[in-house]
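# Reading the structure
The residues making up each chain are set out below.
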Amino acid sequence: MSGIGLELAGVSAAYRGTTVLHEVDLTVTRGELLVVLGPSGAGKSTLLRVVAGLQPAITGRVRIGDRDVTTLRPGRRNVSMVFQSYALFPHLTVRDNITFGLEVRDTPRAVARDRAAAAAAVVGCAHLLDRRPGQLSGGERQRVALARAMVREPDLFLLDEPLSNLDQELRTETRGELKALHLRLGVTTVHVTHDQTEALVLADRIAVMRAGRLEQVGTPDQIWRTPATLFVARFVGSPPMNVLPADGPLRPAGMPVLPAGARIGFRPEAVRVGQDGTDVTVERVDVVGEDAYAYLRLAGGDRIAVRLPAAGRPAVGTTVRCTVAWADTHVFDEAGHRTVLG
Ligand code: ADP
């Protein structure tokens, strides 16, 4: 067996005559958890649907493990998909929901029941087997959907925003459980989300999508430290990375002369507020526990966000000074691509 879990080569897809996925190349290593991250409408669900076989590829090939599945129907691809809505059958018990796919595939009933019980135990819903979906909380339904996906022992898990129906606390908890589950099962997984924190926490690698194309594929560290484009730089991070014209008022000490049209980017935590540097006006300060987010207006009119300890925050309306280290500065060319200098 090869080390490839999933491979897309030149895959395009269309929705009502409009191309919404443009010749995507992507390789997921066997056992890897890849998170597809992007704003709504970027084509994330379409990508999953093409992999699952629910929507045709109009160009390119899809391979799962050693098999070219491009023309196989969904049932023959051995993938399990968990949707945002979970899509549980309300009139069936949890046990029957979990075994449903197996029985369709002629697994003997006793074997199906054993496998359902085992899968339910792994995701912590063994005590719910006799209930119906209507008697479960959102988090419990999510677990049942995962158990149903697991019980089929797929070559590939496809998870489409599986945490988005959960409230904040449960989301964080379930995110941790998903990660632990992935480590335990080791099944190649493609997880779609628009939530950058979820991507950073969960992923072995992140594929950032925009308008039907991949902007960058890399480890969470690479995406964070060396964003390939302005889009990635600003999509990942909250508040987003500050971006200014390189010839503007805030000039990192030691910055070389940059090409015309270049822009510089630096994260809110990279800005030092104190006695030195460029004069800025404090427009707004939000305190979030130990941190404060200050929004500062530069002489030219640009605004930047700064993160600093709440105890050391400046007062709204005052003028303070700030600096940014060159080492913390990202450079992008006119087209928004990362520029590596020297
Ligand atoms: P994402 O999952 O990133 O939000 P989608 O893959 O759902 O993006 O959509 C990609 C593009 O295709 C969007 O422009 C969307 O409007 C269009 N599209 C795809 N499927 C549908 C659908 N079933 N109904 C409406 N629009 C769709």
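Per an unreviewed UniProt entry, the chain goes by Carbohydrate ABC transporter ATP-binding protein (CUT1 family) and derives from Actinoplanes xinjiangensis.

### Observations concerning the site of the ligand
Around the ligand sit Y15, V20, P39, S40, G41, A42, G43, K44, S45 and T46, and that is every residue in its neighbourhood. Here a nitrogen atom of the ligand sits 3.0 Å away from a polar atom, N or O, in the side chain of Y15. Between the ligand and G43, the relevant distance is 3.0 Å, taken from an oxygen atom to a main-chain nitrogen or oxygen of the residue. With the chains in place, 58% of the 560 Å² that the ligand exposes on its own is no longer accessible. For the shell around the ligand, the element with the highest residue contribution is helix α1 (residues 44–52), accounting for 3 residues. For the shell around the ligand, the class distribution of residues is 4 nonpolar, 5 polar and 1 charged.

### What to know about the sheet that holds strand β5 (residues 67–68)
Within a beta sheet, neighbouring strands are joined by backbone hydrogen bonds and run either parallel or antiparallel to one another. The sheet built from 4 strands is open, its strands ordered β2-β1-β4-β5 with antiparallel pairing. Across the chains shown, the open sheet's two edge strands, defined by having one partner strand only, are β2 (18–29) and β5. Sheet strands touched by α1: β1 (4–15), β2 and β4 (59–64). Its angle to β1, the strand with the most contacts, is close to 115 degrees.

### Here's the deal with the side chain of H182
Within the secondary structure, H182 is located in helix α5 (residues 168–185). Not counting the four nearest positions on each side in its chain, H182 is found in contact with G31, E32, L33, V187, T189 and D204.

### Quick look at the environment of L37
By the element assignment, L37 lies in strand β3 (residues 33–37). Put simply, L37 and L102 are 65 residues apart on the chain and 31 Å apart in space, counted from C-alpha to C-alpha. Leave out the neighbours within four places in its chain, and L37 touches K44, T193, H194, D195, Q196, A199, I206, A207, V208, M209, F235 and V236.

### Things to note about the nonpolar core
With 39 residues, the main nonpolar core has I98, V123, C125, V144, L146 and I206 as its most contacted residues. For this core, the secondary-structure elements that each account for two or more residues are β3, α2 (94–104), α3 (109–122), α4 (138–150), β7 (156–160), α5, α6 (196–202) and β9 (205–210). Look past the residues within four positions of L146 in its chain and what remains in contact with it is V82, V123, L159, L178 and L181. In terms of nonpolar packing, the next biggest core, distinct from the first, is built from 27 residues, V79, M81, L156 and V190 among them.

### Observations concerning the pattern of salt bridges
Summed over all chains, the structure comprises 16 salt bridges. Each of R143, E173 and E177 takes part in one network of salt bridges that share partners.

### Side note on empty space enclosed by the protein
It is a probe the size of a water molecule, rolled over the atoms, that shows where empty space is left. As enumerated under the stated definition, the model contains 1 cavity of 30 Å³ or more in all. The volume enclosed by the largest cavity comes to roughly 120 Å³. Contributing to the lining of the largest cavity are 13 residues, with F157, L159, L178, H182 and T189 lying nearest its centre. Within the residue set of the lining of the largest cavity, elements represented by two or more residues are α4, β7, α5 and β8 (188–193). Take the lining of the largest cavity: its biggest share by element is 4 residues, from α5. Here the lining of the largest cavity is built from residues that sort into 10 nonpolar, 3 polar and no charged.

### Structural notes on the sheet that holds β8
Read from one edge to the other, the open sheet built from 6 strands follows the order β6-β7-β8-β3-β9-β10, with strand pairing classed as mixed. At either margin of the open sheet sits one strand with a lone partner, and together these are β6 (79–82) and β10 (213–218). Across the sheet, the mean angle from the axis of one strand to that of its neighbour is 15 degrees, orientation sign disregarded. Two elements, β7 and β8, share 5 bridges in a ladder whose sense is parallel. From the neighbouring strand, L158 faces β8, where its bridge partner is V190.

### Looking at the packing of α4 against α5
Relative orientation of the contacting elements α4 and α5 amounts to 15 degrees, with a least axis distance of 11 Å. Overall, the two elements α4 and α5 adopt an arrangement that is roughly parallel. You can see that α4 and α5 cross each other, and the crossing is right-handed. Counted together, G139, Q142, R143, L146 and M150 of α4 and L170, E173, T174, E177, L178, L181 and L185 of α5 form the full contact between these two elements. Looking at side-chain class alone, the contact of α4 with α5 contains 6 nonpolar, 3 polar and 3 charged residues.

Scoring rules and cut-offs
- Residues numbered from 1 in each chain as written.
- Predicted model: local features only at pLDDT ≥ 70, side-chain atom pairs only at ≥ 80, totals over all residues.
- Heavy atoms only, no water.
- Near = heavy atom within 4 Å.
- Polar contact = N/O pair within 3.5 Å; in protein donor to acceptor, adjacent residues only side chain to side chain.
- Areas by Shrake-Rupley, 256 points an atom, 1.4 Å probe, with all protein chains shown as cover.
- Helix = DSSP H or I, 4+ residues; strand = E, 2+ residues; numbered from the N terminus.
- Nonpolar A, V, L, I, M, F, W, Y, C, P; charged D, E, K, R; others polar.
- Pairing = 2+ DSSP bridges.
- Contact = heavy atoms within 4.5 Å.
- Axes fitted to C-alpha atoms, helices over the stretch in contact; angles between N-to-C directions.
- Core = buried A, V, L, I, M, F, W, Y, C linked by side-chain atoms within 4.5 Å.
- Buried < 20%, exposed > 50% of the residue type's maximum accessible area, 1.4 Å probe, protein only.
- Salt bridge = Lys/Arg side-chain N within 4 Å of Asp/Glu carboxyl O.
- 1 Å grid on protein atoms, 1.4 Å probe; cavity = no way out; pocket = protein on both sides within 12 Å on 5 of 7 lines; lining within 4 Å.
- Points joined across faces, edges and corners; volume = space filled by probe spheres on them.
- Parallel < 35°, antiparallel > 145°, perpendicular 65-115°, else oblique.
- Left-handed = near helix turned anticlockwise from the far one by under 90°.

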